[in-house]
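Residue strings, one per chain:
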Protein chains: 2
Amino acid sequence: MFIPKAFEQNNTDCLINLIREYPFATLITVSEVEGIEANQIPLLFTQDEDKKYLQGHIAKANSLWKSVKNGSEVLVIFNGPNGYISPNYYPTKHETGKAVPTWNYVTVHVRGRLSFIHDTDWNKEMIDRLTVEHEASQKTPWTLNDAPEGYIEKMLQAIIGVKVEITSIVGKWKLSQNQPEKNRNGVIKGLLGQDQSNASVMASWVCVAKQ
Amino acid sequence: MFIPKAFEQNNTDCLINLIREYPFATLITVSEVEGIEANQIPLLFTQDEDKKYLQGHIAKANSLWKSVKNGSEVLVIFNGPNGYISPNYYPTKHETGKAVPTWNYVTVHVRGRLSFIHDTDWNKEMIDRLTVEHEASQKTPWTLNDAPEGYIEKMLQAIIGVKVEITSIVGKWKLSQNQPEKNRNGVIKGLLGQDQSNASVMASWVCVAKQ
């Protein structure tokens, strides 16, 4: 990914936080059988002493675990909000006319080595962690124990665990930081004037972006 | 991408419409220099008599046009809304306990052959089309003619055109179609009860999804 200096996000806590806030990942693999392939699954960030991982699962019916070799290099993308930025949003456009459209977005790209996990205990612990994470905002969080005896064990037979040992994480926060303050304010106003909910989320991000 | 029957979207008009509504694409390439790489750019769908294309551009400062060969196979992803689905949303969970979390999402995966375009006339026509498309919802759409003499020509020197000749388009509309009607209604209510704007967009999609 091309990252101009103004849009580089190097703060590891911010990168990990984006992954937690937007866990729906695009897992990109390359294999001899399928060529480039992408599967979209939620992935959870974890770490032990000195290694960082992404954990999740695919359906056993998904042939990915047969076509992609264990240890393969993969790219995993996490997407924050994105939105179109019209030249109309820039006050300086009205003065000089010098402006072109662009697109704002927030994204984290993780590289790592993929393993498929067939160990039921590992997979059960992984879905337990995923569940605790995603149920945290529920009034009464659902837990694996809410399912009847043997049900989760049966469901575990239908999935394959996915583990990515992370080798690098980069982030691009493209939030109009290359524009003068009055244009950044214009972008916020412009996005908030759109009737798309996604645009107002993008506006919140531009609100906190520093040049 | 693994697509169970219930989630398959075969209607070409629906696939193209998703691309137009969510044009912010993930362009995935593989090269000897960089391995798997993804760049996120808006892409426009176009077609002539018998061929379909995606058109857009990258910054000339992005080395992608040097590392990836013309004619390379690429995968391009367009993402609609997505959202976490708690087992709590299913009324049947309260009866049988048999439920597990999942994630709903809408995505289109396009395969094709990539070309980089260095022709200024082609690039000018492409950015004009992109602009008309993205400015359509503006009260007073900005056009290339709003820029002062020579400005657009100068900006064109800073970009490289991108053309993908499409070889296949598939879509996955994962919208709880595999659940009984009362659970689909529960999913809609659950999503609308979240305070995330994205969740209510996902709810609108489940509202129109048929089993």
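What counts, and at which threshold
Residues numbered from 1 in each chain as written. Chains lettered and ligands numbered in written order. Predicted model: local features only at pLDDT ≥ 70, side-chain atom pairs only at ≥ 80, totals over all residues. Helix = DSSP H or I, 4+ residues; strand = E, 2+ residues; numbered from the N terminus. Buried ≥ 20, exposed ≤ 12 C-beta atoms within 10 Å, placed from the backbone. Contact = placed C-beta atoms within 7 Å. Nonpolar A, V, L, I, M, F, W, Y, C, P; charged D, E, K, R; others polar. Core = buried A, V, L, I, M, F, W, Y, C linked by C-beta atoms within 7 Å. Least-squares fit on C-alpha atoms with pLDDT ≥ 70 in both. Arc of directions from axis to C-beta. Pairing = 2+ DSSP bridges. pLDDT = per-residue confidence, 0-100. Expected span 1.5 Å × (residues − 1). Axes fitted to C-alpha atoms, helices over the stretch in contact; angles between N-to-C directions. Parallel < 35°, antiparallel > 145°, perpendicular 65-115°, else oblique. Left-handed = near helix turned anticlockwise from the far one by under 90°.

Considerations on the overall build of chain A
Tallying secondary structure elements over chain A gives seven helices and eight strands in all. Along the first, second and third principal axes, the C-alpha set of chain A runs to 65 × 45 × 35 Å. Taking all 211 residues of chain A together, the buried fraction comes to 39%. Sequence-distant contacts in chain A: of pairs separated by 6 or more residues, those separated by 24 or more amount to 70%.

Considering the interface of chain A and chain B
At the interface, 50 residues of chain A touch 49 residues of chain B. Those elements giving two or more residues to the side of chain A that touches chain B turn out to be β2 (24–31), β3 (35–42), β5 (52–59), β6 (73–85), β7 (102–117), α4 (120–135), α5 (151–156) and α7 (197–208) of chain A. Ranked by residues supplied to the side of chain A that touches chain B, first place goes to β3(A) with seven residues. For the side of chain A that touches chain B, the residue count by class is 26 nonpolar, 19 polar and five charged.

So, the nonpolar core
Counting residues in hydrophobic clusters, the biggest one holds 86 residues, and the most contacted among them are Ile28(A), Val76(A), Val206(A), Ile28(B), Val76(B) and Val206(B). Not counting residues within four places of it along the chain, the set of residues in contact with Val206(A) comprises Asn104(A), Leu175(A), Ser176(A), Arg184(A), Val187(A), Ile188(A) and Leu191(A).

Some details on the relation of the copies chain A and chain B
Mapping chain A onto chain B is achieved by rotating through 180° and translating by 0.0 Å along the same axis, at an RMSD of 0.0 Å. Overall, the copies show the geometry of a two-fold rotation axis. When C-alpha positions in chain A are compared against the rotation axis, the closest is assigned to Ser197(A), at 2.8 Å.

As for unusual backbone geometry
A positive phi is found at Ser176(A), a non-glycine position, where the angle reads about 65°. Mapping Ser176(A) onto the fold places it in the loop between β8 (159–174) and α6 (181–192).

Points about helix α7 (residues 197–208) of chain B
All names here are of chain B. Residues Ala-199, Met-202, Ala-203, Trp-205 and Val-206 constitute the buried set of α7. Angular distribution of buried residues about the axis of α7 spans 160°; they occupy a single face of the element. Buried residues belonging to α7 abut β6 (73–85), β7 (102–117) and α6 (181–192).

Details of the pairing of β2(A)
Residue and element names in this part refer to chain A. Both β2 and β3 contribute to a ladder of eight bridges, which runs antiparallel. Residue pairing for β3: Phe-24 is matched across the bridge by Pro-42. Between β2 and β3, which pair antiparallel and follow one another directly, the connecting turn spans three residues.

Comments concerning the confidence of the model for chain A
For residues with low pLDDT, the predicted coordinates do not support detailed interpretation. In this model, chain A carries a mean pLDDT of 93, and residues with pLDDT of at least 70 account for 99%. For chain A, α7(A) is the element with the lowest average pLDDT, namely 78, and β5(A) is the one with the highest, namely 98.

Describing α6(B)
Residues and elements named next belong to chain B. Relative to the 16 Å expected for twelve residues at 1.5 Å per residue, α6 spans 17 Å between its end C-alpha atoms, a close match to the ideal helical length. Taken as a whole, α6 has its buried residues at Asn-183, Arg-184, Gly-186, Val-187, Ile-188, Gly-190 and Leu-191. The secondary structure elements touched by the buried residues of α6 are β6, α3 (91–96) and α7.

As for the pairing of strand β4 (residues 44–47) of chain A
All names here are of chain A. Relative to β5, β4 runs antiparallel, the two sharing four bridges. The residue bridging Gln-47 from the neighbouring strand is Lys-52, located in β5. Two successive antiparallel strands, β4 and β5, enclose a turn made up of four residues.

Here's the deal with the packing of α6(B) against α7(B)
Residues and elements named next belong to chain B. Contact pair α6 / α7: the axes reach a minimum separation of 8 Å and the direction vectors enclose 160°. It follows that α6 is roughly antiparallel to α7 by the angle criterion. As for the relative orientation of α6 and α7, their crossing is left-handed in sense. For the pair formed by α6 and α7, the contact residues are Arg-184, Val-187, Ile-188, Leu-191 and Leu-192 on the first element and Ala-199, Ser-200, Met-202, Ala-203, Val-206 and Cys-207 on the second. A breakdown of the residues in the contact of α6 with α7 according to their chemical character gives nine nonpolar, one polar and one charged.

Looking at the environment of Thr131(B)
All names here are of chain B. Topologically, Thr-131 is positioned in helix α4 (residues 120–135). C-beta crowding within 10 Å serves as the criterion here: with 21 such atoms nearby, Thr-131 is assigned to the buried category. Linking Thr-131 and Pro-141, residues ten residues apart in sequence, is a C-alpha distance of 8.7 Å.

Some details on the environment of Val33(A)
Residue and element names in this part refer to chain A. Topologically, Val-33 is positioned in the loop between β2 and β3. Look at Val-33 and you get exposed, because 10 C-beta atoms sit within 10 Å. In this structure the C-alpha to C-alpha distance between Val-33 and Lys-66, which are 33 residues apart in sequence, comes to 9.6 Å.

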